[in-house]
Amino acid sequence: MRADARRNYEALLAAARELFLEQGPDAPLDEVARRAGVGAGTLYRHFPTRDDLIAAVYVTDIESLCDQAEKLATAERPGEALAAYMDLYLSFGMRNSGIKKAIKEMLATEGPHPDGLNLCKSRMTDLTGEMLVVAQDAGAARKGIEPTAFLRMLHGITLACDDNPEMAPSMLQVMKDGLLTGK
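Residues numbered from 1 in each chain as written. Predicted model: local features only at pLDDT ≥ 70, side-chain atom pairs only at ≥ 80, totals over all residues. Heavy atoms only, no water.

1. Quick notes on the environment of Asn-164
Note the following rule: Helix numbers and strand numbers start at the N terminus; a helix is a DSSP run of H or I with at least 4 residues, a strand a run of E with at least 2. Burial classes: relative accessible area under 20% of the type maximum marks a residue as buried, over 50% as exposed, and values in between as partly exposed (1.4 Å probe, protein chains only).
You can see Asn-164 is positioned in the loop between helix H8 (147–160) and helix H9 (168–179). For Asn-164, a relative accessible area of 31% puts it in the partly exposed group. Taking the C-alpha atoms as reference, Asn-164 lies 17 Å from Met-153; in sequence the two are 11 residues apart.

Here is the structure:
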(Lines give C-alpha, C1' and ligand atoms only; values in the text may rest on other atoms or scores of the structure.)
Protein backbone atom coordinates (compact mmCIF):
# COMPACT_ATOMS: atom_id res chain seq x y z
CA MET A 1 0.00 0.00 0.00
CA ARG A 2 1.33 3.46 -0.88
CA ALA A 3 2.14 5.75 2.03
CA ASP A 4 -0.82 8.07 1.40
CA ALA A 5 -3.21 5.12 1.01
CA ARG A 6 -1.86 3.64 4.26
CA ARG A 7 -2.40 6.95 6.08
CA ASN A 8 -5.97 7.12 4.76
CA TYR A 9 -6.60 3.51 5.79
CA GLU A 10 -5.31 4.14 9.31
CA ALA A 11 -7.24 7.41 9.59
CA LEU A 12 -10.43 5.61 8.57
CA LEU A 13 -9.85 2.88 11.16
CA ALA A 14 -9.19 5.44 13.91
CA ALA A 15 -12.26 7.49 12.97
CA ALA A 16 -14.45 4.38 12.76
CA ARG A 17 -13.23 3.06 16.11
CA GLU A 18 -13.97 6.41 17.78
CA LEU A 19 -17.38 6.77 16.13
CA PHE A 20 -18.37 3.14 16.81
CA LEU A 21 -17.49 3.59 20.48
CA GLU A 22 -19.60 6.75 20.61
CA GLN A 23 -22.60 5.65 18.54
CA GLY A 24 -22.27 1.91 17.96
CA PRO A 25 -21.48 0.00 14.78
CA ASP A 26 -24.53 1.43 12.98
CA ALA A 27 -23.00 4.93 13.02
CA PRO A 28 -23.17 6.78 9.68
CA LEU A 29 -20.31 5.84 7.38
CA ASP A 30 -20.26 9.32 5.88
CA GLU A 31 -19.32 10.59 9.33
CA VAL A 32 -16.44 8.09 9.45
CA ALA A 33 -15.09 9.49 6.17
CA ARG A 34 -15.57 13.09 7.35
CA ARG A 35 -13.72 12.49 10.63
CA ALA A 36 -10.91 10.74 8.77
CA GLY A 37 -10.61 13.71 6.42
CA VAL A 38 -11.27 11.67 3.28
CA GLY A 39 -14.06 11.34 0.76
CA ALA A 40 -16.67 8.62 0.70
CA GLY A 41 -14.97 7.09 -2.35
CA THR A 42 -11.78 6.54 -0.35
CA LEU A 43 -13.77 4.93 2.44
CA TYR A 44 -15.51 2.51 0.06
CA ARG A 45 -12.30 1.70 -1.83
CA HIS A 46 -10.77 0.47 1.41
CA PHE A 47 -13.96 -0.94 2.95
CA PRO A 48 -16.62 -1.89 0.38
CA THR A 49 -19.17 -2.75 3.10
CA ARG A 50 -19.93 -1.74 6.67
CA ASP A 51 -19.04 -5.29 7.73
CA ASP A 52 -15.59 -4.90 6.16
CA LEU A 53 -14.98 -1.73 8.18
CA ILE A 54 -16.29 -3.21 11.44
CA ALA A 55 -14.17 -6.33 10.93
CA ALA A 56 -11.06 -4.26 10.16
CA VAL A 57 -11.51 -2.24 13.36
CA TYR A 58 -12.03 -5.43 15.37
CA VAL A 59 -9.06 -7.23 13.80
CA THR A 60 -6.80 -4.24 14.43
CA ASP A 61 -7.93 -4.07 18.05
CA ILE A 62 -7.37 -7.82 18.58
CA GLU A 63 -3.91 -7.54 17.01
CA SER A 64 -3.11 -4.68 19.39
CA LEU A 65 -4.36 -6.73 22.34
CA CYS A 66 -2.18 -9.65 21.25
CA ASP A 67 0.86 -7.42 20.78
CA GLN A 68 0.41 -6.04 24.30
CA ALA A 69 -0.05 -9.56 25.69
CA GLU A 70 3.15 -10.74 24.01
CA LYS A 71 5.03 -7.87 25.68
CA LEU A 72 3.53 -8.81 29.04
CA ALA A 73 4.51 -12.44 28.58
CA THR A 74 8.16 -11.55 28.04
CA ALA A 75 8.40 -8.76 30.62
CA GLU A 76 6.61 -10.20 33.63
CA ARG A 77 6.68 -13.27 35.81
CA PRO A 78 4.12 -15.80 34.49
CA GLY A 79 1.48 -15.23 37.17
CA GLU A 80 1.82 -11.47 37.02
CA ALA A 81 1.73 -11.58 33.22
CA LEU A 82 -1.45 -13.67 33.26
CA ALA A 83 -3.12 -11.34 35.80
CA ALA A 84 -2.15 -8.28 33.75
CA TYR A 85 -3.45 -9.97 30.61
CA MET A 86 -6.76 -10.66 32.32
CA ASP A 87 -7.04 -6.95 33.16
CA LEU A 88 -6.11 -6.02 29.61
CA TYR A 89 -8.64 -8.45 28.14
CA LEU A 90 -11.41 -7.17 30.41
CA SER A 91 -10.67 -3.57 29.47
CA PHE A 92 -10.67 -4.47 25.79
CA GLY A 93 -13.86 -6.50 26.02
CA MET A 94 -15.78 -3.88 27.95
CA ARG A 95 -15.05 -1.04 25.55
CA ASN A 96 -15.84 -3.00 22.38
CA SER A 97 -19.25 -4.47 23.20
CA GLY A 98 -21.09 -3.02 20.19
CA ILE A 99 -18.39 -4.13 17.79
CA LYS A 100 -18.27 -7.59 19.37
CA LYS A 101 -22.02 -7.99 18.92
CA ALA A 102 -21.74 -6.98 15.27
CA ILE A 103 -18.89 -9.47 14.73
CA LYS A 104 -20.88 -12.24 16.42
CA GLU A 105 -23.83 -11.53 14.12
CA MET A 106 -21.51 -11.56 11.08
CA LEU A 107 -20.02 -14.89 12.03
CA ALA A 108 -23.47 -16.39 12.60
CA THR A 109 -24.40 -15.84 8.96
CA GLU A 110 -23.69 -18.20 6.08
CA GLY A 111 -21.17 -17.32 3.42
CA PRO A 112 -17.81 -15.61 3.37
CA HIS A 113 -16.77 -13.41 6.25
CA PRO A 114 -14.45 -10.41 6.12
CA ASP A 115 -10.76 -11.25 5.97
CA GLY A 116 -8.78 -11.65 9.13
CA LEU A 117 -11.55 -12.52 11.58
CA ASN A 118 -10.63 -16.17 12.01
CA LEU A 119 -6.89 -15.49 11.92
CA CYS A 120 -6.96 -12.89 14.69
CA LYS A 121 -9.23 -15.09 16.82
CA SER A 122 -6.80 -17.97 16.39
CA ARG A 123 -3.83 -15.79 17.37
CA MET A 124 -5.60 -14.54 20.49
CA THR A 125 -6.73 -18.04 21.48
CA ASP A 126 -3.24 -19.48 21.00
CA LEU A 127 -1.55 -16.65 22.89
CA THR A 128 -4.02 -16.84 25.77
CA GLY A 129 -3.51 -20.59 25.99
CA GLU A 130 0.28 -20.23 25.99
CA MET A 131 0.18 -17.62 28.78
CA LEU A 132 -2.07 -19.85 30.88
CA VAL A 133 0.07 -22.96 30.37
CA VAL A 134 3.29 -21.06 31.19
CA ALA A 135 1.69 -19.76 34.40
CA GLN A 136 0.45 -23.25 35.27
CA ASP A 137 3.87 -24.77 34.62
CA ALA A 138 5.46 -22.12 36.84
CA GLY A 139 3.01 -22.96 39.64
CA ALA A 140 1.43 -19.50 39.38
CA ALA A 141 -1.95 -20.75 38.15
CA ARG A 142 -4.08 -23.74 39.06
CA LYS A 143 -3.67 -26.74 36.84
CA GLY A 144 -6.73 -28.39 35.36
CA ILE A 145 -8.11 -25.24 33.74
CA GLU A 146 -8.14 -25.65 29.97
CA PRO A 147 -7.21 -22.62 27.83
CA THR A 148 -10.58 -22.64 26.08
CA ALA A 149 -12.45 -22.62 29.41
CA PHE A 150 -10.18 -19.85 30.69
CA LEU A 151 -10.84 -17.67 27.66
CA ARG A 152 -14.58 -18.34 27.81
CA MET A 153 -14.66 -17.32 31.47
CA LEU A 154 -12.91 -14.05 30.63
CA HIS A 155 -15.24 -13.46 27.72
CA GLY A 156 -18.22 -14.39 29.88
CA ILE A 157 -17.41 -11.62 32.33
CA THR A 158 -17.44 -9.06 29.54
CA LEU A 159 -20.79 -10.37 28.30
CA ALA A 160 -22.33 -10.53 31.76
CA CYS A 161 -21.26 -6.97 32.52
CA ASP A 162 -22.31 -5.31 29.27
CA ASP A 163 -25.15 -3.49 31.02
CA ASN A 164 -23.38 -3.24 34.39
CA PRO A 165 -19.70 -2.50 33.69
CA GLU A 166 -19.08 -1.51 37.30
CA MET A 167 -19.47 -5.19 38.26
CA ALA A 168 -16.69 -6.40 35.96
CA PRO A 169 -13.66 -5.69 38.21
CA SER A 170 -15.10 -7.62 41.16
CA MET A 171 -16.10 -10.53 38.93
CA LEU A 172 -12.61 -10.60 37.45
CA GLN A 173 -11.12 -10.56 40.95
CA VAL A 174 -13.14 -13.66 41.87
CA MET A 175 -11.78 -15.37 38.75
CA LYS A 176 -8.22 -14.34 39.63
CA ASP A 177 -8.64 -15.54 43.21
CA GLY A 178 -9.77 -18.93 41.95
CA LEU A 179 -7.08 -19.26 39.28
CA LEU A 180 -3.89 -17.59 40.47
CA THR A 181 -1.88 -19.20 43.24
CA GLY A 182 0.06 -16.14 44.34
CA LYS A 183 3.44 -17.39 43.12
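2. Digging into the side chain of Gln-136
To be explicit about the condition: Residue contacts follow a heavy-atom distance rule, with two residues in contact if any of their heavy atoms lie within 4.5 Å.
Along the polypeptide, Gln-136 turns up in helix H7 (residues 117–137). Taking relative accessible area as the criterion, Gln-136 reaches 9% and is therefore assigned buried. For Gln-136, the residues in contact, after removing those within four places along its chain, are Ala-141, Arg-142, Lys-143, Gly-144 and Ile-145.

3. Let's talk about the nonpolar core
Selection criterion: Take the buried residues of types Ala, Val, Leu, Ile, Met, Phe, Trp, Tyr and Cys, join any two whose side-chain atoms come within 4.5 Å, and each joined set is a nonpolar core.
With 60 residues, the main nonpolar core has Val-32, Leu-53, Leu-82, Tyr-85, Phe-150 and Leu-179 as its most contacted residues. When residues in this core are grouped by element, the largest group, 12 residues, is from helix H4 (residues 50–75). Once you skip the residues sitting within four places of it in the chain, Tyr-85 turns out to touch Leu-65, Ala-69, Leu-72, Met-124, Thr-128, Met-131, Leu-151 and Leu-154.

4. A short note on H8
What counts here: Expected span, for any helix, means 1.5 Å times one less than how many residues it has. Each direction from the helix axis to a C-beta atom contributes to the arc, which is the arc of those directions.
In this model H8 runs 20 Å from its N-terminal to its C-terminal C-alpha over 14 residues, within 8% of the 20 Å that 1.5 Å per residue would give. For H8, the set of buried residues is Phe-150, Leu-151, Leu-154, Ile-157 and Thr-158. Buried positions in H8, seen along its axis, are confined to an arc of 115° and lie on one side of it. As for H8, its buried residues are in contact with helix H5 (78–95), helix H6 (97–108), H7 and H9.

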